[in-house]
Amino acid sequence: MCGIVGYVGKKPALPILLSGLKRLEYRGYDSYGFCVFNAGQEPFFHKRVGKISGADKELLEMDIQGTIGEAHTRWATTGSVTEANAHPHFDCNKEIFVVHNGIIENYSELKDQLINEGHKFSSETDTEVLAHLIEKFLKEKTEVGEKRKLEEAVAVALKLVKGTYGLLVMAKSEPEKLVAARLSSPLLIGVNDGEYIVASDPIAIAPFASNIVYLEDYEIAVITLGNLSLAKERAPEKMEYESEEAEKGDYENFMLKEIMEEPTAVENAIKGRLIIETGSVKLGGLDSVAEKLREIDNFILIGCGTAHYAARAGEYMLEEYAGIKTDVDVGSEFRYRKPILNDKTAAIFISQSGETADTLACLHELKQKGVLSLGVTNSIGSTQSRETDAGVYTRSGPEIAVASTKAFVGQLATLAMITVYLGRQRTMSLVTGSRIVSELARIPDLARQILLQREKIKALAEKYKGYKNFWYIGRKYNAPVAMEGALKLKEISYLHAEGIPGGELKHGSLALVDKDFPTIAICLSDSVYEKMVSNIQEVKARGGIVIAIATEGNENIKKIVDDVIYIPKTLEMLSPLLSVIPLHLFSYYMAVALGRDVDRPRNLAKSVTVE
Ligand code: G6P
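Draft legend 1. Fine view of the domain arrangement of the chain. Partitioning the chain into structural domains gives domain 1 (3-245), domain 2 (249-451) and domain 3 (453-596). A straight line from the C-alpha centre of domain 1 to that of domain 3 covers 45 Å.

So, in structure tokens, the structure goes:
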């Protein structure tokens, strides 16, 4: 969602905040703001609508020397995109400054109360109530007549708040300190030789500090030069994060870099985990629950966006190869269901960021009901990875572009390994296990072959960039891939696309097919090939254009479709790992052809930490 950075140290804070904010911009980028306390002078306070990239020169020329500050890049939730609604937010006298991620659900009633008490608001946001509440409790004496410190006022204010927050607070009256607090919205403190950098994501901390403290829910930290005071004293942990991985290198943008890294993402996911001789996998993250997993007879898979489509493909894998009943839902809907659970239910939460609020809400709900929780997570140290009972990291490396690509193939590879793990605990034979793991080991090379077709896919995007609507169809394992392909096109090109199971087309959607509404059909030489061909023919019979993703060697398909992209043959279960690559490339080149900001598409955010 939004991104937060704070700094307390000996160096000028502004360049550090600026650099952190630029690295966080993928989380939200409609507006940004800074507050830096400038020894003895008025605080430097600066907010703008727009993206931070490009604004650095102007900011650095300002020569702000203050060594303590906070900054924020916003993805609007409450209140439109205006300078007034950008963070930091402040109290009546502009003496308290707050940056906030998350949502204050009861802000409206708190605001009414504060207005009645005489507070003057200057934004439409939920966050601003925090600044005024802190102002109120900072002025008000305690029950025993003592003046409150800033952190005490923050604590009293947060008791009145319903919702989620990761926040930083500064006050002119206590200019030496930065107060940090969190509830269901991540906040991490990088520690480096007496200086501290706080951020909502390790990516902003990585260049400055390699030791990190994860703030816990309901915890309030007070940070001053050379001192970090936590509710529960603990030593910083070593941050497992490679800063260089988050650089664009020679690529024009992160999205292309990340698509080109899809073979490596699979390679990293499977590295050291496949045991071909025994047809099994080694997943250290599941060791602690191995015996419990033997008893499980039904799984619930939960994810949002792209991760939800990975879960859908995982559902086919687990049912077909591990023989386990599996149910899938998006996080934002699952929480309203009354799932039928028993002591043999386990849940798998799938998330690149490990911070998606909808997914975490389900995790909390199911944990409360005693369900064994597993995470398939990319971000090491994320809330999901810390709160699940066990799990498997996808090891895809940092994914920066808002639209998820390499994380998807990492999730699929991980779900395939979990399927083998669970299958081998049950009835999967050595031969089947061995076939899956040997084929998984080949996927990175096969994926690289697809990437060699970049220019061809780029040319197709040029050919189709004038169309405004697209169907994506596929069946069985590739029905979720069709949905992922359509989602990617929507996200970054802003074109209308719908992904549906091929068989569903005739149940209504076919009404839209005409010469202006192309269909992208995943039609591989697998168990549903003939059925997919029928669906393609239904489209062709109505004058529709079809672009097929087909298996190498299938020359016949050329006779019935308008364009074909070939991918190598693999096991049907693993085919999504390959079929999605041309779809990711196609969306990418379409978006580029249309002049879109592919890494930071309008209205979206990478890590959605509000429900
Ligand atoms: C956001 C992103 C999507 C992503 C989804 C789930 O909406 O824009 O690309 O698929 O969140 O994110 P997660 O981090 O949980 O995988």
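Draft legend 2. How the structure looks around the nonpolar core. If you look at the biggest cluster of nonpolar residues, it comprises 130 residues, and the most contacted ones within it are Phe34, Leu293, Phe299, Phe470, Tyr472 and Phe586. Contact partners of Phe586, with chain neighbours within four places excluded, come to Ile457, Leu460, Ala461, Tyr464, Phe470, Tyr472 and Ile520. Leu110, Leu114, Leu138 and Leu167 belong to the second largest nonpolar core, which has 26 residues in total.

Draft legend 3. Layout of the sheet that holds strand 1 (residues 3-8). Reading across the sheet, the eight strands line up as 3-2-4-1-10-9-11-14 and stay open at both edges, with antiparallel pairing between neighbours. This sheet does not close on itself; its edge strands, each paired only once, are strand 3 (44-49) and strand 14 (237-238). Both strand 1 and strand 4 (residues 68-74) contribute to a ladder of six bridges, which runs antiparallel. Counted as the bridge partner of Val8 is Ile68 from strand 4. Here helix 1 (residues 13-24) sits on the sheet in contact with strand 1, strand 2 (31-37), strand 3, strand 4 and strand 10 (195-199), set at roughly 155 degrees to strand 1.

Draft legend 4. Representation of the site of the ligand in the model. Taken together, 14 residues surround the ligand, and among them Thr306, Ser351, Gln352, Ser353 and Thr356 come closest. With respect to the ligand, the side chain of Ser353 contributes an N or O atom lying 2.6 Å from an oxygen atom. The protein chains hide 89% of the 390 Å² of surface that the ligand would expose on its own. When the residues that make up the shell around the ligand are grouped by side-chain class, the tally is five nonpolar, seven polar and two charged.

Draft legend 5. Structural detail: the sheet that holds strand 19 (residues 345-351). Strand order across the open sheet formed by five strands is 18-17-19-20-21, with parallel pairing between neighbours. The two strands at the open ends of the sheet, each matched to only one other strand, are strand 18 (325-330) and strand 21 (390-393). Taken pair by pair, the neighbouring strands of this sheet meet at an average axis angle of 20 degrees, ignoring direction. Of the pairings in the sheet, the one linking strand 17 (residues 298-303) to strand 19 comprises five bridges and is parallel in character.

Draft legend 6. Spotlight on the packing of helix 4 (residues 128-139) against helix 5 (residues 150-159). Where helix 4 meets helix 5, the closest approach of the two axes is 8 Å, and the angle between their N-to-C directions is 120 degrees. Here helix 4 lies oblique to helix 5, going by the angle between them. Crossing geometry of helix 4 relative to helix 5 is assigned as right-handed. Of helix 5, the residues touching helix 4 (which contributes Leu130, Leu133, Ile134, Phe137 and Leu138) are Leu150, Ala153, Val154, Val156, Ala157 and Leu158. Of the residues belonging to the contact of helix 4 with helix 5, the class tally is 11 nonpolar, no polar and no charged.

So, how was this worked out
Residues numbered from 1 in each chain as written. Predicted model: local features only at pLDDT ≥ 70, side-chain atom pairs only at ≥ 80, totals over all residues. Heavy atoms only, no water. Domains from an automatic or database assignment. Core = buried A, V, L, I, M, F, W, Y, C linked by side-chain atoms within 4.5 Å. Buried < 20%, exposed > 50% of the residue type's maximum accessible area, 1.4 Å probe, protein only. Contact = heavy atoms within 4.5 Å. Pairing = 2+ DSSP bridges. Helix = DSSP H or I, 4+ residues; strand = E, 2+ residues; numbered from the N terminus. Axes fitted to C-alpha atoms, helices over the stretch in contact; angles between N-to-C directions. Near = heavy atom within 4 Å. Polar contact = N/O pair within 3.5 Å; in protein donor to acceptor, adjacent residues only side chain to side chain. Areas by Shrake-Rupley, 256 points an atom, 1.4 Å probe, with all protein chains shown as cover. Nonpolar A, V, L, I, M, F, W, Y, C, P; charged D, E, K, R; others polar. Parallel < 35°, antiparallel > 145°, perpendicular 65-115°, else oblique. Left-handed = near helix turned anticlockwise from the far one by under 90°.

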